[in-house]
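Working through the structure, step by step
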Amino acid sequence: QTYGKAGNYFINAMLESNDNGFVLVGETDNYSETQGIYLFKTDRFGKMLWEKYYEKNGSTIAYSIAKTNSGGFIIAGSTNVTIDDLLSESGQADGYLLFTDAYGNKIWDQVLEGDKHDSLYCITRSLDLGFIACGNSSSNPSGKISIWLVKIYPIIEDEALLDVNPDMISFGLIEKNSAKVTAYLTISNLGSQNLKGYLEFSQPWLLLSDQSFIIPGFSSLKVLV
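All of the points below concern the structure found in this document. Since we're looking at a predicted model, the values are computed, not measured. (Residues numbered from 1 in each chain as written. Predicted model: local features only at pLDDT ≥ 70, side-chain atom pairs only at ≥ 80, totals over all residues. Heavy atoms only, no water.)

Describing the side chain of S126
Condition: What counts as a helix is a DSSP run of H or I of at least four residues, what counts as a strand is a run of E of at least two, and both are numbered from the N terminus. Burial here depends on accessible area, computed with a 1.4 Å probe over protein chains only, as a share of the maximum for the residue type. Under 20% is buried, over 50% is exposed, and the range in between is partly exposed. We define a polar contact as two N or O atoms separated by no more than 3.5 Å, with the added condition that, inside protein, one atom must be a possible hydrogen donor and the other a possible acceptor, whereas residues neighbouring each other in sequence contribute only through side-chain atom pairs. Whether two residues touch is decided by their heavy atoms; if any such pair falls within 4.5 Å, the residues are in contact.
When you line up the elements, S126 lands in the loop between β9 (118-125) and β10 (131-137). By relative accessible area, S126 is classed as buried at 8%. A distance of 2.6 Å separates polar atoms of two side chains, one belonging to S126 and the other to D128. With residues up to four places along the chain from it excluded, the contact list for S126 reads F131, I132 and K151.

Structure below.
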């Protein structure tokens, strides 16, 4: 497949999405006089599903991407990039983080600014469910290009989300004109941490004994429908 319109397009990182598609990120100058981050998603056959463009302070480039618990993405790169940053890493670039939802909509971004060149080239999940980003920086006492490691603690917007949509709930055989029909829905927590959730039905005639719930680890909740 070939992607892109007029202008220049570069892909610097990609990953497989949770639905077996692919998410690719890089840069383009198609939408502005400067470079901006270009993010798009395809299905498993490479057909484009959506695309997004972001820019911050001057030229902005994405070098790495990681998946979040909430189904979105966190992107690491640089903003305020000049030709000096690209050729000799002697410019004034700043590190840049971009957090999106599963459809590429920006939730927040952050500029990590030093007094000299700073750039992030890789980001990955850490064991405490935060992230670690690395790159290089000359914003240090020596003024020389050094390895730059950034720890990002767990993010509140990155709480795990599970959306379960059963196709059918059976009430069994129901007598005609029955005044009250009930069924039980059992939710089991198979993990060790608390499970928080919310239940809703599209049919207005269904009522629940519990809509929001917190289930302790290795426990179950029986909800009356």
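Some words on the sheet that holds strand β8 (residues 106-112)
For clarity, the cut-off: In this scheme, strands are said to pair when DSSP sees at least two bridges between them. Axes here mean lines fitted to C-alpha atoms, for a helix over just the part in contact, with angles spanning 0 to 180 degrees between N-to-C directions.
One open sheet accounts for four strands, arranged β5-β6-β7-β8; its pairing is antiparallel. Two strands bound the open sheet, and with one partner strand each, they are β5 (59-67) and β8. Direction aside, neighbouring strands of the sheet carry axes that sit 20° apart on average. Strand direction decides the pairing type here: strand β6 (residues 73-81) and strand β7 (residues 94-100), joined by seven bridges, are antiparallel. Pairing of I75 across the sheet is with L98, part of β7.

With respect to the side chain of S137
Position of S137 among the secondary structure elements: in strand β10. What makes S137 buried here is its relative accessible area of 7%. In terms of polar contacts, S137 uses its side chain to reach the backbone amide nitrogen of S139, at 3.0 Å. Non-local contacts of S137, meaning those with residues more than four positions away in its chain, are made with H117, D118, K144, I145, S146 and W148.

Focus: the sheet that holds β9
With respect to topology, three strands assemble into an open sheet ordered β9-β10-β11, the strand pairing being antiparallel. Two strands lie at the open edges of the sheet, namely β9 and β11 (146-152), each paired on one side alone. On average, each strand axis in the sheet is inclined to that of its neighbour by 25°, with strand direction left out of account.

Considerations on the packing of aromatic side chains
Which entries qualify depends on this criterion: What counts as a ring pair is set by centres within 6.5 Å for rings of Phe, Tyr and Trp (its six-membered ring), and what kind of pair is set by the plane angle: stacked under 30 degrees, edge-to-face over 60, tilted for all other angles.
In this structure the tally under the stated criterion is six aromatic pairs. Their ring planes at 45° and their centres at 4.7 Å tell us that Y3 and F40 sit as a pair that is tilted. Note that Y3 is positioned in the segment before β1 (9-16) and F40 in strand β3 (residues 36-42), a separation of 37 residues in sequence. Residue F40 is classed as buried on the basis of its relative accessible area, which comes to 1%. Plain terms: the ring middles of Y38 and F40 are 5.3 Å apart, the flat faces sit at 40° to each other, and that makes the pair tilted. Comparing Y38 with F40, the two get one shared label, buried.

Some points on the pairing of strand β2 (residues 22-28)
Where burial is concerned, most of β2 is hidden: six out of the seven residues are buried. Where β1 lies against β2, seven bridges are found, and the strand directions are antiparallel. Opposite M14, over in β2, you have L24 as the bridge partner. Between β1 and β2, which follow one another and run antiparallel, lie five residues, and N20 among them has a positive phi close to 70°. Examined bridge by bridge, β2 and β3 share seven bridges and lie antiparallel to one another. Following the sheet pairing, E27 is matched in β3 by I37.

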